[in-house]
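Listed below are the residues making up each chain.
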Amino acid sequence: MKASQLAKILSGELAGEDIEISGIKGYDEAEKEHITFVADPSLLSAPTDAGALILPKGVQPVEGKTCIFVSNPLEAAVKVATLFYREDWGTGVSDKAVVYPNVKLGKNVVIREFAVVESGVCLEDGVVVLPFAYVGRNSVVGEGTILFPGAVVYPNTVVGKRCRIHAGAVVGADGFGYYEKNGKRVKIPQIGRVVIGNDVEIGANTCIDRATFGKTVIGEGTKIDNLVQIGHNCKIGRDCAFAGQVGISGSVKVGDRVLMGGQVGIADHISIGSDVKIAAKAGVMSDIKDGEAVIGAPAMPAARWKRIQAVINRLPEIYKLLKELKKRVGDVGSN
Amino acid sequence: MKASQLAKILSGELAGEDIEISGIKGYDEAEKEHITFVADPSLLSAPTDAGALILPKGVQPVEGKTCIFVSNPLEAAVKVATLFYREDWGTGVSDKAVVYPNVKLGKNVVIREFAVVESGVCLEDGVVVLPFAYVGRNSVVGEGTILFPGAVVYPNTVVGKRCRIHAGAVVGADGFGYYEKNGKRVKIPQIGRVVIGNDVEIGANTCIDRATFGKTVIGEGTKIDNLVQIGHNCKIGRDCAFAGQVGISGSVKVGDRVLMGGQVGIADHISIGSDVKIAAKAGVMSDIKDGEAVIGAPAMPAARWKRIQAVINRLPEIYKLLKELKKRVGDVGSN
Amino acid sequence: MKASQLAKILSGELAGEDIEISGIKGYDEAEKEHITFVADPSLLSAPTDAGALILPKGVQPVEGKTCIFVSNPLEAAVKVATLFYREDWGTGVSDKAVVYPNVKLGKNVVIREFAVVESGVCLEDGVVVLPFAYVGRNSVVGEGTILFPGAVVYPNTVVGKRCRIHAGAVVGADGFGYYEKNGKRVKIPQIGRVVIGNDVEIGANTCIDRATFGKTVIGEGTKIDNLVQIGHNCKIGRDCAFAGQVGISGSVKVGDRVLMGGQVGIADHISIGSDVKIAAKAGVMSDIKDGEAVIGAPAMPAARWKRIQAVINRLPEIYKLLKELKKRVGDVGSN
């Protein structure tokens, strides 16, 4: 594709030679035939072999490079990536897959070798089920959703449209529910299910447990990174983003647009409002209101945490000062 | 099933119409034909569409609903769930599974499509091996145990009776053992194994490493949630419960009935007594005696932690007070 | 094998009867026909049934046991283990595997039942692909590398020689990259890849994400434990060792020979030097220079952390002292 064509598609301004572009690559990896993008102009101090650059408007053209100036380089790069890169996971239903009778298949469904689709399942149009993916009985998988290799969907699960469930993710395993009797743990049968909204992404090896009774819910548009644990009966809102290794205990309610950093932990039965930000590694042990930002374990409002942390960082000096004071005031205690 | 029949099975008292009940559901999800249960009577302030309720004795009947009064509603609900809900993972040995010669199969063993059972394995009566589950050479799987899709059991493992090993769980992968030589890490071959007792539950994507030499042991009745890591050569006692994302390093000893909250971490070679409670996110760096409750990172007795935490929470004010004191006493230091 | 033969191989000194040895076992598990090893002589106060012992030079022979004295018992034990224990994962390419046309296979490649090797892949000599392992399009797997059951390698990945990728590990899933538009998260296509050096070990259910553009790199000789998350575009150096459940966010740079304890978390875009040691559970929020040892969340130099922690542990007493002082000095504030 010519640089001038790309500039047109991106509604950008072209400067330099109208070269042929074969793809988009990272700044370090790109070669002469590639375009790359620069969101932060300070990056330009390092050299790149890229033949073409997507740059923010207002930046000087780079000598010897074809430049396309746009208002949002990242957004433009995403557009270019979509043009050049098309995922191809195969076509059709493999005769080495197992699809039980009484399964409803939409149009253009892909089921690869060694996938298993159990009885009573509905796979809507364009669903892709890759090798070793498992769809349990009576589950529904929405239009355009892809199950990567080894993704496991337990029975009675509902997965929305355009979801991406990455390799090894497990949706609908038993919640961790027992009651104690004579010092032993008696299993509470986990007979609920998981309901996942549209446009949800579930990272590799992430686990979302089925409800005990009722349902565990993941709201539309929510993005979940790898190795995340979401316990039974959680109700997660829309457009949230949870980073890697977040752990959410059972029966937690989370509002919309909530962000959680990596390794955050949430105690059971907690209620978290909308637009909440929880910093990485925080341990949430009490409810959080709409719009709050929290940090620490136990988690507290970020501003308070910063004040406390500032004092903690000076504790050895503060303790020294206290001992000096004590000496001047006289012996007041046994410390 | 008639409500009166259910009441009889539960040794409960019936009030209201003797309706036909088709199943048990959560309070929010139940419809007219369902029974639900109420452990905490304050829940009754919210409405439910359930036709029937399991209630604790002594609570007032709810108008228009069939009520069954029992001494332990949760235990009764579990009984009802077991009546209505029977897991069905298929039957027989699929001709699309691979079962090597020299495998011992008990009665009523289920091996589903694309499972692999290696040479020298023994699967006792009623074992269920779901698709993509792998049983390595010379392993033994006890009566009634189920391996969910993608569960991997490395060679020479012993799994007890009535265990549930959830999807993606890995039992017996190499311990993380190396020695250093000239700045490189040389692998110590991990030639031990894992031995799991009866009635153990292992959550989705949980990993239990084989011993270097000798064995890693999980005691009878212990329940392990998702994404838990148990290192090589650990000896875990009976009837413990470990919540999601707990991480136990190598060669840790844990007694019986030990509870660990989510994301707890235990350093290697630590010894933990019986009846210990470790709060979520705690980092255990020294031994813990029988019956102790610990919290924090580094972990300490819960009572002490609370006292320290109370002071930490007031540190900005305390520091302010100290500065005031200093002013009054006179300049005593450079802080 | 005779004890005398073993002693010769180990360049050790033999004492006691020249018995026949059938294998090496742990100190607790060994029987008469086995050899075990003792790195720490204090272990000898407990009895063992082992017929033979590998002991450090200078230690007294144990009565009734065959002893081999060496300078490094662990290293000797590893050598013995390698003599007696040979992994056997099968041979040849199973006709129940799926290997696409246009795949290059080296000599002695093993591909087991229900493995899938996609088009354009190159598997070098001696590669072992176990059941349910998946090698995505155009990936290269180096000589002697083994993919355990259920390991998933996404397209365009490069894996070095002699790597061990354990069960359920996922290499090359999408990085967690979105941009926000009108309160929704728009996916940034993850079109980069993962490049793994030689002699890397990747633990069970560990996830290493592909780069957005460009590549995620794991350096030669680096060992990664189970359930570790490594984000998109990370550049990890050589001969590092990361313990279980470590989480490394996107675009982190890590030098050589870096050690991370369990459950460490690293914020995105952090740069970590070589020979750094990061204690378990640390939360790294700023760059770390070569050779530093850090601990805590937020992480700080170990020496500083210890001083602060010592004061924290005495906070209740310190606060009491401060209140006494205040009383003596007179009322100075409202606290």
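As the structure is a computational prediction, the values presented were derived from the model and not from experiment.

(A) Region of the structure containing the overall build of chain A. A count of helices and strands for chain A gives four helices and 37 strands. For chain A, whose C-alpha radius of gyration is 26 Å, the value lies well above the compact-globule estimate of 20 Å for 335 residues. Counting only C-alpha atoms, chain A reaches 85 × 65 × 30 Å along its principal axes. Counting the 335 residues in chain A, one finds 57% classified as buried. Excluding contacts between residues fewer than 6 apart, the proportion of contacts in chain A whose partners are at least 24 apart in sequence is 17%. Here chain A has roughly 13200 Å² of accessible surface; of this, 50% comes from carbon and sulfur atoms. One finds the centroid of the 40 positive side-chain charges in chain A at a distance of 9 Å from the centroid of its 37 negative side-chain charges.

(B) Inspection of a positive patch on the surface at higher detail. Positive charge collects at one region of the surface, where Arg307 and Arg314 of chain A together with Lys320, Lys323 and Lys327 of chain B lie side by side. No other element matches helix 4 (residues 315-329) of chain B, which puts three residues into the positive patch. Take arginine 314 of chain A: it is sitting in the loop between helix 3 (302-313) and helix 4 (315-329).

(C) Broad picture of the interface of chain B and chain A. The interface is formed by 61 residues belonging to chain B together with 69 residues belonging to chain A. Viewed at the interface, chain A and chain B are joined by nine salt bridges. Between the two partners, chain B and chain A, sit 27 residue pairs in polar contact (both at pLDDT 80 or more). Broken down by secondary-structure element, the contributors of at least two residues to the side of chain B that touches chain A are helix 2 (73-84), strand 25 (223-224), strand 28 (241-242), helix 3 (302-313) and helix 4 of chain B. The element contributing the most residues to the side of chain B that touches chain A is helix 4 of chain B, with eight residues. Its residues assigned to classes, the side of chain B that touches chain A shows 31 nonpolar, eleven polar and 19 charged.

(D) Highlighting the sheet that holds strand 4 (residues 52-56) of chain C. Residues and elements named next belong to chain C. Strand order in the open sheet formed by five strands is 1-5-4-3-2, with mixed pairing between adjacent strands. Each edge of the open sheet carries a strand with a single partner, namely strand 1 (13-15) and strand 2 (23-24). Relative to strand 3 (residues 34-37), strand 2 runs parallel, the two being bridged by two bridges. From the neighbouring strand, glycine 23 faces strand 3, where its bridge partner is histidine 34. Against the sheet, helix 2 (residues 73-84) engages strand 2, strand 3, strand 4 and strand 5 (66-70), with an angle of about 145 degrees to strand 4.

(E) Representation of the state of the cysteines in the model. One pass over the structure, following the stated rule, counts zero disulfides over all chains. Lacking any disulfide linkage, cysteine 240 of chain B is separated from the closest cysteine sulfur, that of cysteine 234 of chain B, by 11 Å.

(F) Just the interface of chain A and chain C, in detail. The interface is formed by 61 residues belonging to chain A together with 69 residues belonging to chain C. Taking the shortest distance from any N to any O, the salt bridge between glutamate 317 of chain A and arginine 304 of chain C comes out at 2.8 Å. Between chain A and chain C we count 27 residue pairs in polar contact (both at pLDDT 80 or more) in total. Of all the secondary structure elements, the ones that give two or more residues to the side of chain A that touches chain C are helix 2 (73-84), strand 25 (223-224), strand 28 (241-242), helix 3 and helix 4 of chain A. With eight residues, the top contributor of residues to the side of chain A that touches chain C is helix 4 of chain A. Partitioned by chemical class, the residues of the side of chain A that touches chain C number 31 nonpolar, eleven polar and 19 charged.

Calculation rules
Residues numbered from 1 in each chain as written. Chains lettered and ligands numbered in written order. Predicted model: local features only at pLDDT ≥ 70, side-chain atom pairs only at ≥ 80, totals over all residues. Heavy atoms only, no water. Helix = DSSP H or I, 4+ residues; strand = E, 2+ residues; numbered from the N terminus. Rg over C-alpha atoms; globule rule 2.2 N^0.38 Å. Buried < 20%, exposed > 50% of the residue type's maximum accessible area, 1.4 Å probe, protein only. Contact = heavy atoms within 4.5 Å. Areas by Shrake-Rupley, 256 points an atom, 1.4 Å probe, with all protein chains shown as cover. Lys, Arg positive; Asp, Glu negative; His and termini not counted. Charge placed at Lys NZ, Arg CZ, Asp CG, Glu CD. Patch = residues over 30% accessible without salt bridge, like charges linked within 9 Å, V, L, I, M, F, W, Y side chains within 5 Å. Salt bridge = Lys/Arg side-chain N within 4 Å of Asp/Glu carboxyl O. Polar contact = N/O pair within 3.5 Å; in protein donor to acceptor, adjacent residues only side chain to side chain. Nonpolar A, V, L, I, M, F, W, Y, C, P; charged D, E, K, R; others polar. Pairing = 2+ DSSP bridges. Axes fitted to C-alpha atoms, helices over the stretch in contact; angles between N-to-C directions. Disulfide = S-S within 2.5 Å.

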